[in-house]
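Descriptive analysis of the structure
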Amino acid sequence: PWVRLWVLALSLALLLVGGWELGWRSIGFVASVEDDWGIWASRRRRVKDTPTVVALVGASRIQLGIEPEKFRAQSGRRAVMLAVDGNAPMPVLADLAEDPSFTGSVIVSYVPMFFAEAAANEERVRKWLRKYRTQTWSSRFETALRIGVQERFVLRYPGLAPARIWEHLLEGTRPRLIYAPMRADRYRAANYDLIDIVKLRKARANRERRRHLEAQPLSSEVFEQRVKAIALLVRRILTREGRVAFVRMPSVGLVRRLEADAWPRRPYWDRLASRIAVPFIHFEDYPALSAFDCPDGSHLGAADAQTFTAALVKILSEKGFFDAK
C-alpha cells in the first residue's frame, strides 16, 4: 500500500508541476536565468587561460546588443558576456588586466557617463568581483544546479512564484511576460512586442533625463587621471598579446540627445580615442552600425542584435582585432 501511495503522490505532484509549467508556457512565458553574482562568476572563470576568448565588458547595452553565438559563428572566437547592468565597465577591465591568467581579448562597451561618474556606477560590479574572488566550491555547485534548472523551467522565474501570483490575484493584475529573458550565457534577447513600449520608452527617458541633468563635466586634471588609468589597463592586456577595442553602442531619440548634451563626443570619446592606440568604434561612424532603432531609446531588440553583431565583427576583423597572435 505504501508503494502505491508514494507512486500516486509522486504522479499528482508531477501532474501539478507539469500543468503549472505548461500553463505559463501556453500564454507566452519562456525560461529565463536570474542574473546574480554567482552566474557572473561562472562566466568570469571561463575566460581564464584561453587566448582566443573575447570578454564582453560593459552594461545592459552590450548585454542586449551583442549576441555571443552569432559572434562566435562570424569570428570563430568564443565571446563571454561579463556585462553588469547599470554599472561602469572599468572595474571588470581592471580585474582582467591585473589577472595574469587572462590572456584573451576584451571588447568594452563605453559611454562617457560611466567614465565620468565611475564611483556612482560601480557598487554592484565591485561587490560581484569581491564575491567571485572568494566563492566556495559549494557555492559554485549550487550556482551550476540553479542555472540548469532556470534555463529549462519557466516555473523557476521569480515573477511566477506562488507568493507573487497570490499578490497579483489580490491586486487584480497579471504577471508580465518576460520581454528580455536571460540565457545561461548571460545574453538577453529582447522582444519589445511583449511589453508596453510607450510606457517603457517614457520610463527610460525620465530616468536618463534625471541622470543627465545631474551630470557634472570632468575637469581636465580628473580626465587625464582617468585616461592614464585606462591606458595602463589596456597596455597590460596588450602586453600579454591580447586585444582591446572600445565600442559605442547605438542609442536614438531623446536618449541620444541627452547623451550628446551632457557628454559631448569631442571632449570625451574623441579625446580618449586619440590617447589609446586600440580600435575605437563609434556607431555614428559606420552606416552598418547606425541604421538601427532602439525601441526604448537605449537597447537593441533580438533581431537587430544579430545584425549588429555580424556588422561589428566585420569591422573588428578589418581592424585586425582577430589577427593571429
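Scroll up to find the structure this text is about.
All of the points below concern the structure found in this document.

Cut-offs and rules
- Residues numbered from 1 in each chain as written.
- Predicted model: local features only at pLDDT ≥ 70, side-chain atom pairs only at ≥ 80, totals over all residues.
- Heavy atoms only, no water.
- 1 Å grid on protein atoms, 1.4 Å probe; cavity = no way out; pocket = protein on both sides within 12 Å on 5 of 7 lines; lining within 4 Å.
- Points joined across faces, edges and corners; volume = space filled by probe spheres on them.
- Helix = DSSP H or I, 4+ residues; strand = E, 2+ residues; numbered from the N terminus.
- Nonpolar A, V, L, I, M, F, W, Y, C, P; charged D, E, K, R; others polar.
- Buried < 20%, exposed > 50% of the residue type's maximum accessible area, 1.4 Å probe, protein only.
- Pairing = 2+ DSSP bridges.
- Core = buried A, V, L, I, M, F, W, Y, C linked by side-chain atoms within 4.5 Å.
- Contact = heavy atoms within 4.5 Å.

1. Looking at the layout of surface pockets
Unoccupied space between atoms shows up once a probe the size of one water molecule is rolled over them. By volume, the largest pocket is sized at about 940 Å³. Forming the boundary of the largest pocket are 43 residues, of which Leu 64, Asp 85, Tyr 179, Ala 180 and Arg 188 lie nearest the centre. Counting residues per element, the ones that place at least two in the lining of the largest pocket are α3 (60-65), α6 (112-116), α7 (123-134) and α10 (197-213). Of all the elements, α10 adds the most residues to the lining of the largest pocket, at 6 residues. Residues belonging to the lining of the largest pocket are distributed by class as follows: 19 nonpolar, 9 polar and 15 charged.

2. Some details on the pairing of strand β4 (residues 244-248)
Counting buried residues in β4 gives 5 out of 5 residues, a clear majority hidden from the surface. Residues Val 244, Phe 246 and Arg 248 line one face of β4 and the alternating positions Ala 245 and Val 247 line the opposite face, and both faces are buried. Relative to β4, strand β3 (residues 105-109) runs parallel, the two being bridged by 4 bridges. Paired with Ile 107 across the bridge in β4 is Ala 245. As paired elements, β4 and strand β5 (residues 280-282) share 3 bridges and run parallel to each other.

3. Brief notes about the nonpolar core
In summary, soluble globular proteins display a tendency toward joint burial of nonpolar side chains. Among the nonpolar cores identified, the biggest contains 47 residues, and Trp 40, Val 47, Leu 82, Leu 96, Val 106, Phe 246 and Ile 276 are the most heavily contacted of them. A per-element tally of this core places helix α11 (residues 220-239) first, with 7 residues. Sequence-distant contacts of Val 47, that is, excluding residues within four places in its chain, are made with Val 53, Ala 55, Val 80, Leu 82, Leu 96, Ser 101 and Phe 102. Judged by nonpolar contacts, the second largest core, of 26 residues, contains Ala 79, Met 249, Ile 281 and Ala 311.

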